[in-house]
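Analysis of the macromolecular model
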Amino acid sequence: MAMYLKSIELLGFKSFGKKEKLVFTSSIASIVGPNGSGKSNVAEAFRFVLGEQSMKSLRSKKGEDLIWGGSPALARANRASVKVVFDNSKRLLDIDFPEVMIERVVHRDGANEYLLNGTQVRLKDVIRLLAGANIGGSGYQIISQGEADRILNASPKERREMVEDALGLKLYQHKKAESERKLEETAVNIDKTKSLRREIGPHLHFLRMQVERLEKARELREELAHQINDYLAREHAWITQEDARLLDEARVYDTQIRDAGRALEDARARRTGGNDAVVSEIQSKLRGAEHALAQVRQEGERVSRELGRAEGALEAVSVTVTESISASSARDFAREIEEALDDAEDTEDLSEVRLVLERVRDRIRSFIEGFADKVHKPDTAHTQHVVDLSAQLAQIQKQETAATAELEMLRQELSRARESGFVAERDVIALEAQLREAQSKLSMVQNSRAAVAVARERFEEEVREGIALIGAAVHGWQRSEIPQGSLSEDRSVQERRRRAMERLKIKIEEAGIGNSDAVVKEFNQTKQRDEFLTKELVDLETSAASLRDIIAELEKTIDQRFTEGLKHINVALGEFFSKLFGGGEAKLTVETPRKAREARHGAGPADLDDEDLGETIPEEESLYAGLSISVSLPRKKVRGLEVLSGGERALTSIALIFSMSQVNPPPFLILDETDAALDEANSKRYADMIRILGAHSQLIVITHNRATMAAAGELYGVTMSSDGVSKLLSVKLAEAEKVAK
Ligand code: ATP
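The notes below deal with the structure included here.

Reading the values: rules and limits
- Residue numbers here run from 1 along each chain, matching the order of that chain's written sequence.
- Only residues with pLDDT of 70 or above have their local features reported here, since the model is predicted, and side-chain atom pairs are shown and tallied only from 80 upward, although totals for entire chains, interfaces and linings are computed over all residues.
- Hydrogen atoms and water are omitted, and side-chain values are computed over all heavy atoms in the structure.
- In this text, buried Ala, Val, Leu, Ile, Met, Phe, Trp, Tyr and Cys residues form a nonpolar core when linked through side-chain atoms within 4.5 Å.
- Per-residue accessibility, obtained with a 1.4 Å probe over protein chains only, is compared with the maximum for each type, and a residue is labelled buried under 20%, exposed over 50%, and partly exposed between these values.
- Contact criterion: two residues are considered in contact whenever any of their non-hydrogen atoms come within 4.5 Å of each other.
- Runs of H or I in DSSP of at least four residues are treated as helices and runs of E of at least two as strands, each being numbered from the N terminus.
- Any two strands with at least two DSSP bridges between them are considered paired.
- Helix axes use the C-alpha atoms of the stretch in contact, all axes being lines fitted to C-alpha atoms, and the angles between their N-to-C directions lie in the range 0 to 180 degrees.
- Working definition: residue near molecule or strand if any one of its non-hydrogen atoms lies within 4 Å of it.
- Here a polar contact means two N or O atoms within 3.5 Å. Within protein one must be a hydrogen donor candidate and the other an acceptor candidate, and residues neighboring in sequence count only if both atoms are side-chain atoms.
- Accessibility throughout is a Shrake-Rupley quantity obtained with a 1.4 Å probe, and a residue counts as covered only by protein chains that appear here.
- Each residue is assigned to one of three groups, with Ala, Val, Leu, Ile, Met, Phe, Trp, Tyr, Cys and Pro labelled nonpolar, Asp, Glu, Lys and Arg labelled charged, and all others, Gly among them, labelled polar.
- By convention in these notes, a salt bridge is any Lys or Arg side-chain nitrogen within 4 Å of a carboxyl oxygen on Asp or Glu.

Quick look at the nonpolar core
Val163, Leu588, Phe658 and Ile690 are the most contacted members of the largest nonpolar core, which has 55 residues in total. Contact partners of Ile690, with chain neighbours within four places excluded, come to Ile28, Phe658, Leu671, Leu699, Val701 and Ala711. Of all hydrophobic cores here, the second largest spans 48 residues; its members include Phe48, Leu66, Leu92 and Leu728.

With respect to the pairing of strand β2 (residues 20-23)
By the alternation rule, side chains of β2 split into Glu20 and Leu22, which are all buried, and Lys21 and Val23, of which none is buried. Alignment of strand β1 (residues 5-11) against β2, held across four bridges, turns out to be antiparallel. Among the inter-strand pairings, Ser7 is bridged to a residue of β2, identified as Val23.

Quick notes on the sheet that holds strand β6 (residues 112-116)
Strand order across the open sheet formed by six strands is β2-β1-β4-β5-β6-β7, with antiparallel pairing between neighbours. The sheet is open, and its two borders are formed by β2 and β7 (119-121), each paired with just one other strand. On average, each strand axis in the sheet is inclined to that of its neighbour by 20°, with strand direction left out of account. The sheet strands contacting helix α1 (residues 39-49) are β1, β2, β4 (79-87), β5 (99-107) and β6, and the helix crosses β4 at an angle near 80°.

Focus: the site of the ligand
Inspection of the region around the ligand gives 18 residues, with Asn35, Gly36, Gly38, Lys39 and Ser40 positioned closest. Asn35 is positioned with one of its side-chain polar atoms (N or O) 2.7 Å from an oxygen atom of the ligand. For the ligand, whose accessible area on its own is 650 Å², the fraction buried by protein is 72%. Per-class residue counts for the shell around the ligand are three nonpolar, ten polar and five charged.

Considering the pattern of salt bridges
When the charged atoms of two side chains lie near each other, side chains of opposite charge can form a pair. Scanning the entire structure with this criterion turns up 53 salt bridges. The salt bridge involving Glu99 is made with Lys6; its shortest N-O contact spans 2.7 Å. Linking Glu99 in strand β5 with Lys6 in strand β1, this pair joins segments that are 93 residues apart in sequence. The class of Glu99 is partly exposed, set by a relative accessible area of 38%.

Describing the sheet that holds strand β12 (residues 698-702)
The mixed open sheet is built from six strands, whose spatial order is β8-β11-β12-β3-β13-β14. Of all the strands in the sheet, the pair left with one neighbour each is β8 (142-143) and β14 (726-731). The sheet strands contacting helix α15 (residues 680-694) are β3 (28-32), β11 (668-672) and β12, and the helix crosses β12 at an angle near 150°.

In structure tokens, the structure reads:
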């Protein structure tokens, strides 16, 4: 049989004012001693060192009560310490040491210390380590004095816990509780995470909208930058071109105006000043010439008349001549004159007429000279007069011809002069029109130039505004090429562009949000946080699901083992019970939870077990499938725990405790006067069972019974002398029996 408990050492614990040590060498050790010597304190020392937290279970009110309180012989201690040593060669405890010492110390201020092989650890480390070895928990393996029927008095829930504990399910329960705690935490975290997400949700949404708007605004600004560049490039090209073109045109019209002005001045001069003088001069000359011609003609007529008279006079003095001129020669002469005159009549040319007249005169003269010798000499004075007059007339006729020619010339000159005056007038009108046109064109050009200047100002204004809106990108137009068609398109197209640009600017202004960087940053942070929370949520839900799986798995294991274990316990219980009572029956039954029971049976009278009578089950236990115990004694009709005598109750408890220990033997079992109520016959049966149990568990039995002492392999006596300090010593059965008496 394995022995796990090697020793226990007490120093300053309760009545053990001095260091005392118990070393176990037998699987059944019995502690004996008189009342009040400190036996129960030893049992409590086990509870204490194994982590008991209930002061009541240690018969104390506070930590200080556990410390040696002092006596006149020995001063009080400041700390109580209990050390227990386990043999761990079979790895009872899950720790890699062949021997494990657990020590608990309590100080006067109530502070506790736990040490594992001398190293300070936490209470829960101790509890976990012991649970792994099926030690601790509900403490059924340490049955304190007077607590024998505790298992009978326990509620169904407590009872079930004890059974679970005995079946070694504590570890699973711990794991389950741990998982449930984690699940709860996880649920809390899920809720927290969800509420965090809900909290940031609207903010995130708001930020997302903001960022979308920013994005839109950024696109709009890009579009605007593009439009501005295009617009400015076109505008600049147009302005430059217009400027140059209009300047050229203005120069052309300036020149035209200057030239036309000069020409007009000239034409006006020609029309007024010069020409009028010329015309009047020619007119006065013309008047002179007409006058001269009239005089010449008058003179000619006078000479012509005188010549007629002279010729008449001459004819009168030449009467005799008739006889001396032959008729034929007179006829020839007449014919010749007539022919000449005919010629003169036929011509209109004055000079021709004059020539004819000359010829006629010469003929007349030669005719007269031809017959001069034949007649007597006519009066020469008359003849000479005629000749002179004829010459004079010829002279006058010459003068008349010249005067007529002069007049003609002057007339032509006047007409020419007049003609040139008309031309000048026409020129003036034409030039004036030309000048007006040039001037109006120039003024149109100047208007256009003013419009271009306005356009330039607006261009510069656009550039400034552009800088404010899109920054340095506004200068992009200088780099870009002149957009196609900018110089040839209609101005209204560019104006449409400008209006579109204005509309875009308004849009951007409307979308305008303050510090975009901050918004984007906050959005990203919030988004990351949301994503983190989402991921966290998934993780949490995954872990919750896996925890639920674990819990379900553990529950299944616990349930299976419990059902299985309970079956075995009931078998053992039946055996122990009938052994102790010489028949009868005892059985543990799983209760149906009250709520479930009510649901199943309706509100009608419940099929209550005996011990349930009058018992009020706390709310939280009402759903718990606790364990009830049913007992039927041999030869007795009554059933139920209430009717049992004190001894019967003790026997029943013992049967129950032993049957539990039998199924899943604990490493050790401490029984503090569990046999106190038994009569001699039953004490013997108890001793028999102790032996049976001792085959599987180490037993420490505090007793006053001889039969029990006899079952032990070793005996320890506890004494207390007048100093009030408990002492431990190994004793022989005979001595022990003396004490027992
Ligand atoms: P019985 O056989 O009657 O059950 P016992 O041997 O089990 O007696 P205990 O109950 O173990 O006796 O011991 C009780 C004794 O321990 C009392 O005399 C009590 O005064 C003493 N005691 C308890 N606590 C302290 C303490 N803190 N300091 C000193 N003595 C203490």
